[in-house]
Every structure is written in structure tokens, then in C-alpha cells.
Amino acid sequence: MGKVQRFHSNERLSEMAIYNGVIYLSGQVPETTLDAGAYEQTKEVLGLIDKLLAEVGSNKSRIINAQIYLADMDDYDAMNRAWDEWVDKNSPPTRATVEAKLASPDWKVEIVITAII
């Protein structure tokens, strides 16, 4: 059985874990664009995903699944605009988008990613 590698961990969670070549990212949320709209928050979150994947030698073309949580489905078009500018059009992942009450009222979007090395 393979070893689990964990990154950026605290007593509650790890930002990223790798097992058998599969990368699991915890829900990524905006950190600096809390007063911005869904488009800007999504762009920031996608940038955070890029950084985490690069840290382990992967990239957005290696994403196999994305789960997107929106605080308000009215932000779907704004989120999609940022997503469409960012996603690897030659290797788009499977994706689900749902409306959910997020842990902070300042967050408009949270994205969970599964990728491969």
C-alpha cells in the first residue's frame, strides 16, 4: 500500500494530499478578494489551484474532476467566465457545480480538485 503525502497541514486539514499518483485538493477559497465579485474570486481560487498543482509537478491539464460550490447560483455566469478563461480546453475535467451555503459569508466560490501527477 502506498504512502499518503500531505501538504500544508494543520490539526484540522491538509490543503493537498497525494496517494498513488492522485492529487486531492481541499476546498480552495478566496483569500484576498473577499470584497470582490464571483468572477474575481474565481480567478483568485484558480490561481491558488495552479500554485498547489505546480508545487507537486502537475498542472491544470492533469485535473480529472472539479467540484464547484457557489454561494449563489446567480453567480454561475461570472464563475464560468473566469473558468472558461482558465481551463485547459484540450483537457477539460469532469465538473459539477452546485449552490451551497459556504463557511464564510464573504466567499462566493469554493472549488475542490482531483488531479494526477
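Per an unreviewed UniProt entry, the recorded name for the chain is Endoribonuclease L-PSP, and the organism is Pasteurella dagmatis ATCC 43325. Quoted verbatim from the Sequence similarities (unreviewed entry) heading of the UniProt record, the comment on the chain is "Belongs to the RutC family."

A.B. asks: Just to check I follow, could you spell out the nonpolar core for this structure?
C.D. replies: The nonpolar side chains of soluble globular proteins are, as a tendency, buried together. Ile23, Leu25, Ile49, Trp83, Ile111 and Ile113 are the most contacted members of the largest nonpolar core, which has 23 residues in total. Among the elements of the structure, β2 (14-19), β3 (22-28), α1 (38-55), β4 (63-70), α2 (76-86) and β6 (109-116) are those that each provide at least two residues to this core. The greatest single-element share of this core, amounting to five residues, is contributed by α1. When sequence neighbours within four positions are dropped, the list of residues in contact with Leu25 reads Glu15, Met16, Ile49, Leu52, Leu53, Val112 and Ile113.

A.B. asks: Quick question: what am I supposed to make of the packing of aromatic side chains here?
C.D. replies: Aromatic rings in a pair are described by how distant their centres are and how their planes are angled relative to each other. Considering all chains together, one arrives at one aromatic pair under this definition. For the cation-ring pair, Arg81 lies above Tyr39, with the distance from its terminal atom to the ring centre recorded as 3.8 Å. The aromatic ring of Trp83 is capped on one face by Arg95, whose charged end is 5.2 Å from the ring centroid.

A.B. asks: In this structure, what is going on with the sheet that holds strand β5 (residues 94-99)? I would like to understand it.
C.D. replies: Within a sheet, adjacent strands bond to each other through the backbone by hydrogen bonds, running parallel or antiparallel. Taken in spatial order, the six strands of this open sheet run β1-β2-β3-β6-β4-β5, and their pairing is mixed. What marks the edges here is a single partner per strand, and that holds for β1 (5-9) and β5. The mean inter-strand angle of the sheet, taken between neighbouring strand axes irrespective of direction, is 10°. Pairing geometry for β1 and β2, over four bridges, is antiparallel. Across the sheet, residue Arg6 finds its bridge partner in β2, namely Ala17. In the packing of α1 onto the sheet, contacts are made with β1, β2, β3, β4 and β6, and the angle to β6 comes to roughly 25°.

Cut-off values and rules
- Within every chain, residues take consecutive numbers counted from 1 along the sequence as written.
- Per-residue local features are limited, in this predicted model, to residues with pLDDT of at least 70; the limit for side-chain atom pairs, both in listing and counting, is 80 or more; totals at the level of whole chains, interfaces and linings are taken over all residues.
- The side-chain figures draw on all heavy atoms in the structure; neither hydrogens nor water molecules are used.
- UniProt positions are given in the numbering used here, feature names are shortened, and annotations may be inferred rather than shown by experiment.
- Each nonpolar core is a collection of buried residues, namely Ala, Val, Leu, Ile, Met, Phe, Trp, Tyr and Cys, held together in the definition by side-chain atoms within 4.5 Å.
- Burial status follows relative accessibility: with a 1.4 Å probe on protein chains alone, a residue under 20% of its type maximum counts as buried, one over 50% as exposed, and anything between as partly exposed.
- Numbering of helices and strands runs from the N terminus, with a helix taken as a DSSP run of H or I at least four residues long and a strand as a DSSP run of E at least two residues long.
- Here, two residues are considered to be in contact whenever any of their heavy atoms come within 4.5 Å of each other.
- Working definition: a ring pair exists when centres of Phe, Tyr or Trp rings (six-membered ring for Trp) sit within 6.5 Å. Plane angles under 30 degrees give stacked, over 60 give edge-to-face, the rest tilted.
- Lysine NZ or arginine CZ positioned within 6 Å of the ring centre and within 35 degrees of the ring normal marks a charge as sitting over the ring.
- For two strands to pair, DSSP has to find at least two bridges joining them.
- Note on definitions: angles span 0 to 180 degrees between N-to-C directions of axes, and those axes are lines fitted to C-alpha atoms, for helices only across the stretch in contact.

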